[in-house]
Amino acid sequence: LLVVLTVTIRAAATELLRARIVGGQAALLPDHQRPSHPRSGRLLPVLVMDTPPSPLATIGLVQPVIVMHRQLPEWLDAAELRCALAHEAAHVARHD
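Residues numbered from 1 in each chain as written. Predicted model: local features only at pLDDT ≥ 70, side-chain atom pairs only at ≥ 80, totals over all residues. Heavy atoms only, no water.

Considering the overall build of the chain
- A count of helical and extended segments in the chain gives three helices and four strands.
- Its helices and strands in sequence order give the chain the pattern α-β-β-β-β-α-α, from N to C terminus.
- Residue burial in the chain is summarised as follows: out of 96 residues, 34% are buried.
- Within the chain, contacts between residues at least 6 apart in sequence are counted, and of these 38% link residues at least 24 apart.
- Carbon and sulfur atoms make up 62% of the accessible area of the chain, which amounts to about 6000 Å² in all. (Helix = DSSP H or I, 4+ residues; strand = E, 2+ residues; numbered from the N terminus. Buried < 20%, exposed > 50% of the residue type's maximum accessible area, 1.4 Å probe, protein only. Contact = heavy atoms within 4.5 Å. Areas by Shrake-Rupley, 256 points an atom, 1.4 Å probe, with all protein chains shown as cover.)

Have a look at this one:
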């Protein structure tokens with residue numbers, strides 16, 4: 001039951017984020033800044049928002065999305081940001 005509830009909540013959060021992109025409340029990080037999947041090498045979607053649920057988080061199981069606060073690049077230097085995004089990419093690869 002807990003797994004079903006968790007998946008339902010994450011799916012709803014993913015749909016909310018997608019709606020915010022369409023409504024102009026979020027934007028995708030440019031390709032040259034996006035992390036790649038550790039196994040497949042494909043670029044992972046990173047949403048940049050003014051009011052994300054956390055400064056940096058991965059949301060969704062089937063189609064995971066990394067969500068990032070718009071000011072995070074100002075709070076971290078380039079190396080720290082790359083490491084933080086790589087950490088989130090590892091969550092995507094491990095499906096956790």
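Remarks on the sheet that holds strand E2 (residues 46-49)
- The sheet built from four strands is open, its strands ordered E1-E2-E4-E3 with mixed pairing. The strands lining the two open edges of the sheet, one partner per strand, are strand E1 (26-28) and strand E3 (56-59). Ignoring strand direction, the axes of neighbouring strands in this sheet form an average angle of 30°.
- Bridging between E1 and E2 involves three bridges; their strand directions are antiparallel. Note that in E2 the partner of Ala26 across the bridge is Met49.
- On top of the sheet, helix H3 (residues 78-94) reaches E2, E3 and strand E4 (65-69); it is set at about 20° to E3, its chief contact. (Pairing = 2+ DSSP bridges. Axes fitted to C-alpha atoms, helices over the stretch in contact; angles between N-to-C directions.)

Points about the pairing of E2
- Residues Val46 and Val48 point to one face of E2 and Leu47 and Met49 to the other, with burial holding for every one of them.
- In this sheet, E4 lies alongside E2 in parallel orientation, the contact comprising four bridges. Each residue of the ladder has a partner; that of Val46, found in E4, is Ile66.

Points about the layout of surface pockets
- A volume near 160 Å³ is recorded for the largest pocket.
- Lining the largest pocket we find His32, Gln33, Arg34, Pro35, Ala78, Leu81, Arg82, Leu85 and Ala86. (1 Å grid on protein atoms, 1.4 Å probe; cavity = no way out; pocket = protein on both sides within 12 Å on 5 of 7 lines; lining within 4 Å. Points joined across faces, edges and corners; volume = space filled by probe spheres on them.)

Quick word on unusual backbone geometry
- For His95, which is not glycine, the phi torsion reads 55° and is therefore positive.
- Considering the arrangement of structural elements, one finds His95 in the segment after H3.
- What makes His95 exposed here is its relative accessible area of 57%.

Some thoughts on the confidence of the model for the chain
- The predicted model of the chain averages 80 in pLDDT, with 74% of residues at 70 or higher.
- Mean pLDDT in the chain bottoms out at helix H1 (residues 2-22), which sits at 58, and peaks at helix H2 (residues 72-75), which reaches 94. (pLDDT = per-residue confidence, 0-100.)

A short note on the nonpolar core
- One finds Leu29, Val46, Leu56, Ile66, Met68 and Leu85 to be the most contacted residues of the largest nonpolar core, which totals 13 residues.
- Of all the secondary-structure elements, those providing two or more residues to this core are E2, E4 and H3.
- In terms of residue count, the dominant contributor to this core is H3 (five residues).
- Apart from the residues within four sequence positions on either side, Ile66 is in contact with Pro35, Leu44, Pro45, Val46, Leu47, Leu56, Ala57, Thr58, Leu85, Glu88 and Ala89.
- Counting six residues, the second-largest nonpolar core is a separate cluster that includes Ala26, Met49, Val65 and Val67. (Core = buried A, V, L, I, M, F, W, Y, C linked by side-chain atoms within 4.5 Å.)

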